[in-house]
Amino acid sequence: MVLLDIFDPKAPPRAIGIDLGTTHSIVAAMRDERPMALVTCDGTALLPSVVYYGDHGNVVVGQAARGFSARAPERTIASVKRFMGRGAADEQTKKLGTYRFADAAADERVVHFDVGSRVVTPVEVSAEILRSLAQSARDHLGAVGGAVITVPAYFDDAQRQATKDAAKLAGLTVLRLLNEPTAAALAYGLDKKQNGTFAVYDLGGGTFDITLLTLDDGIFQVRSTGGDSALGGDDMDRVIAEEMLAAMGCATEASRTPEVVSVVLDAARQAKHALTDALVAEVELPKLGGGHVMYRLERAHFEDAIAPLVERTGRAARRALRDAGLAPTDVDGVILVGGSTRVPRVRAYVRELFGQEPLADIDPDLVVAYGAAVQAELLASESDEVLLLDVLPLSLGVETMGGGVDKILPRNTTIPAGAKSVFTTYADDQTGFVIHVVQGERELASDCRSLARFVLSGIPPMPAGMARLEVEFFVDENNLLQVEARELTTGLTQHVEVQPSYGLTDEQVEAMLIDALDHGEADLEARRLADARVEAERILLATRKGLATDADLLEPEEAARIERAMSALGEAIETATKPARLQLCLDELDDATHRFAGQRMNRAIAAAIAGRNLMDVEKTVEHAAGVDAHLLAHGHPVEEESR
């Protein structure tokens, strides 16, 4: 134990690593080339992620704040991490705690807690926790420089941005947001000095992450990632709390006051912790109407009760293995992270799932903070000793005409990363584009998560297919997305940094991957139908334009056949449920207009070369061929803005 730390006040600021957890938060720093957790205001390394707001504006953080949870539960905010990036209209928001929510519009982007003396947001609550951790670091280290803050791998853009905002409010400079599983692997990788493929099983108080990565001589390559942003030890507590409430006689919602629920949740947490080492836990609970009841919880019953939650982690783990192209036997080691991995049933499940004893040499509560401290030191010193290669948890793309999705950055792309795609116009004289950015694995935009819409307008009227829109995506090392749209012929540019309105709900997190698998075949069929419908409408429009200008080239019988084919195609566009029917109608129209198209081409060429020399004609043809080839390769039209 270090009894006395002496630091030079002129020494440069020290970088720190912070694990901003759901249940506890930790700050760590490098000392003697090894990470060390710093003692917080509570006298331990683990600072409860609880904040109490007093009547007179005073703010209490940590264990002292937890003491107020039974007396003033609506002014004592715990597990605030689960609210990060969530909106007031999110159906999961009010299921996460017994708090008073301030009135807000249905489309409000941020939850507001009414804590009596004031109204606060999850960002402000998190900032109080970060501010306390930063002060503890200053007490130990003197001046504090930048910080690496860890986040669940499955945090989306809104949740990551909210975390950065909280750090800024706390006066911290964020060097990087680091995925928690990667931080754990970093701590183990440098400690063990071994290469191989590892699974990081991270079950904390409020989130679950599973990450497959390869360690190879200092390079951390993430192979795949998955998880659930609303699954953790808190959910285990709620399962037991329901049984405790029933034993107390609190079967109705009216009897479950915030004070009662707070007491029971704390009792459930204590019972869960006791069952880590004991086979039976007994808790004395107040009984409705007076007196007390002794609640007895056996480990076997507890394990049966939480079995569905533990199995949910297994589904995510199997998906991650499949995404990485790995079998459980290909994994060289399984790293346990998060306090909930202390539950014996969880450890046994991991052992069964991967067929090996998981690694728990480093305290699972501290390992993430250790990795963050290591990364902070490397970034502060600009060392290239270790290279971290994280990946995107979900695909990013834009909606195309017809409702399909063009995935510009696919899931599991290594970040930071950038990519671009070129689109063209669908209609003549189109003067703008609406770019709809989406996130998810489904084939149709309506089944994916909408991130942003923005407009690029002011494009000069041009024939369909002549304007070219380049859409570029860039995801930085913090997994935050920037989108730039540029019309290539005019140079017009529009830029947006995507900050979604809401965090993902439990159902959305699970559905984005599961639905993509369950509905994969149907999605592809729906996408093919949508694309076929767009193509049919384009061909129908072009044919009508041709008839309007060159109908004199047709024989009466030929014109009648084209009209019949157009009518059949128009009906198929409205009623077809399979792309094959549209393709048959398209083939029929193509056959009917074959001679007509040739005659129109001859007329157009004759008009184009009239009065021109051969060299000019050759240059024009070469340029047109290049444009046509480019549009054939990138011909998906973006949803157009109406003129």
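Fair warning: this is a prediction, and the values are worked out from it, not measured in the lab.

**Concerning the environment of Ala64**
Line of reasoning, step 1. Positionally, Ala64 belongs in helix 1 (residues 63–66).
Line of reasoning, step 2. Along the backbone, Ala64 and Val51 are 13 residues apart, and their C-alpha atoms lie at a distance of 8.8 Å.

**Remarks on the sheet that holds strand 6 (residues 59–61)**
Line of reasoning, step 1. Read across the open sheet, the 3 strands follow the order 6-5-7; overall the sheet is antiparallel. Whereas interior strands pair on both sides, the edge strands pair on one side only; in this sheet they are strand 6 and strand 7 (76–78). Here the average twist between neighbouring strands, direction ignored, is 20 degrees.
Line of reasoning, step 2. Taken together, the 3 bridges between strand 5 (residues 50–53) and strand 6 define a ladder with antiparallel strand orientation. What sits directly across from Tyr53, in strand 6, is Val59.
Line of reasoning, step 3. Against the sheet, helix 2 (residues 122–141) touches strand 5, strand 6 and strand 7, its axis set at about 110 degrees to strand 5.

**A short note on unusual backbone geometry**
Line of reasoning, step 1. The phi angle at Glu33 is positive, at roughly 65 degrees, despite the residue not being glycine.
Line of reasoning, step 2. Under the relative-accessibility criterion, Glu33 is labelled exposed at 76%.
Line of reasoning, step 3. Unusually for a residue other than glycine, Ser79 sits at a positive phi of about 55 degrees.
Line of reasoning, step 4. Exposure remark for Ser79: the relative accessible area of 14% places this residue in the buried category.

**Considering the packing of aromatic side chains**
Line of reasoning, step 1. Scanning all chains against the criterion turns up 5 aromatic pairs.
Line of reasoning, step 2. On the numbers, 3.8 Å between centres and 5 degrees between planes, the contact of Tyr52 with Phe68 is stacked. Of this pair, Tyr52 sits in strand 5 while Phe68 sits in the loop between helix 1 and strand 7, and the two are 16 residues apart along the sequence.
Line of reasoning, step 3. Residue Tyr52 is classed as buried on the basis of its relative accessible area, which comes to 8%.
Line of reasoning, step 4. Take Phe68: its relative accessible area is 22%, and that puts it in the partly exposed class.
Line of reasoning, step 5. Of the aromatic side chains, those joined through ring pairs into one cluster are Phe83, Phe101 and Phe113.

**A word on the pattern of salt bridges**
Pairing between side chains of opposite charge can happen when their charged atoms approach one another.
Line of reasoning, step 1. If you walk through the whole model with that rule in mind, you get 25 salt bridges.
Line of reasoning, step 2. Its salt-bridge partner being Arg238, residue Asp235 comes within 3.9 Å of it at the nearest N-O pair. With a gap of 3 residues between them, Asp235 and Arg238 both fall in helix 5 (residues 233–248), about one helical turn apart.
Line of reasoning, step 3. Glu311 is paired through a salt bridge with Arg318; the nearest N and O atoms lie 2.6 Å apart.
Line of reasoning, step 4. On the accessibility criterion, Glu311 (29% relative accessible area) is partly exposed.
Line of reasoning, step 5. A residue is classified by how much of its surface remains accessible, and Arg318, at 36% relative accessible area, is partly exposed.
Line of reasoning, step 6. Three or more residues joined by partner-sharing salt bridges are found here, namely Asp237, Asp266, Arg269 and Lys272.

**A closer look at the side chain of Glu487**
Line of reasoning, step 1. Considering the arrangement of structural elements, one finds Glu487 in strand 26 (residues 481–487).
Line of reasoning, step 2. Here Glu487 occupies a buried position and makes no salt bridge, while the nearest side chain of opposite charge, Arg468, is found at 6.3 Å.
Line of reasoning, step 3. Among the polar contacts made by the side chain of Glu487, one reaches the main-chain amide nitrogen of Arg468 at a distance of 2.9 Å.
Line of reasoning, step 4. With near-sequence residues (within four places) excluded, Glu487 lies in contact with Phe433, Leu456, Ile459, Met462, Ala467, Arg468, Leu469 and Leu492.

**Structural notes on the nonpolar core**
Line of reasoning, step 1. Counting 44 residues, the largest nonpolar core has Tyr201, Ile210, Leu212, Met244 and Phe354 as the members making the most contacts within it.
Line of reasoning, step 2. For Phe354, the contacting residues outside a window of four places in its chain are Ala199, Ile210, Leu321, Pro328, Val331 and Val334.
Line of reasoning, step 3. Core analysis: the next-biggest nonpolar cluster, separate from the first, contains 40 residues, Val123, Leu141, Ala166 and Ala170 among them.

**Quick notes on the pairing of strand 11 (residues 173–179)**
Line of reasoning, step 1. Sheet analysis places strand 10 (residues 144–151) next to strand 11, joined by 6 bridges and oriented parallel. Within the sheet, the bridge partner assigned to Ala147 lies in strand 11 and is Val174.
Line of reasoning, step 2. Between the parallel pair strand 10 and strand 11, the chain is carried across by helix 3 (residues 157–169), and the sense of this crossover is right-handed.

**Details of the environment of Ser446**
Line of reasoning, step 1. In this structure, Ser446 sits in the loop between strand 23 (432–439) and strand 24 (449–457).
Line of reasoning, step 2. Taking the C-alpha atoms as reference, Ser446 lies 7.1 Å from Gly403; in sequence the two are 43 residues apart.

**Focus: the sheet that holds strand 19 (residues 396–399)**
Line of reasoning, step 1. Strand order in the open sheet made by the 4 strands is 20-19-23-24, with antiparallel pairing throughout. Of all strands in the sheet, those bounded by a partner on one side alone are strand 20 (405–409) and strand 24. Neighbouring strand axes in the sheet, compared pairwise and without regard to direction, differ in orientation by 30 degrees on average.
Line of reasoning, step 2. As defined by bridge partners, strand 19 adjoins strand 20 across 4 bridges and the pair is classed as antiparallel. When the bridges of strand 20 are listed, Glu399 appears paired with Val405.

Rules behind the numbers
Residues numbered from 1 in each chain as written. Predicted model: local features only at pLDDT ≥ 70, side-chain atom pairs only at ≥ 80, totals over all residues. Heavy atoms only, no water. Helix = DSSP H or I, 4+ residues; strand = E, 2+ residues; numbered from the N terminus. Pairing = 2+ DSSP bridges. Axes fitted to C-alpha atoms, helices over the stretch in contact; angles between N-to-C directions. Contact = heavy atoms within 4.5 Å. Buried < 20%, exposed > 50% of the residue type's maximum accessible area, 1.4 Å probe, protein only. Phe/Tyr/Trp six-rings, centres within 6.5 Å; stacked < 30°, edge-to-face > 60°. Salt bridge = Lys/Arg side-chain N within 4 Å of Asp/Glu carboxyl O. Lys, Arg positive; Asp, Glu negative; His and termini not counted. Polar contact = N/O pair within 3.5 Å; in protein donor to acceptor, adjacent residues only side chain to side chain. Core = buried A, V, L, I, M, F, W, Y, C linked by side-chain atoms within 4.5 Å. Right-handed = clockwise from strand over helix to strand, strands pointing away.

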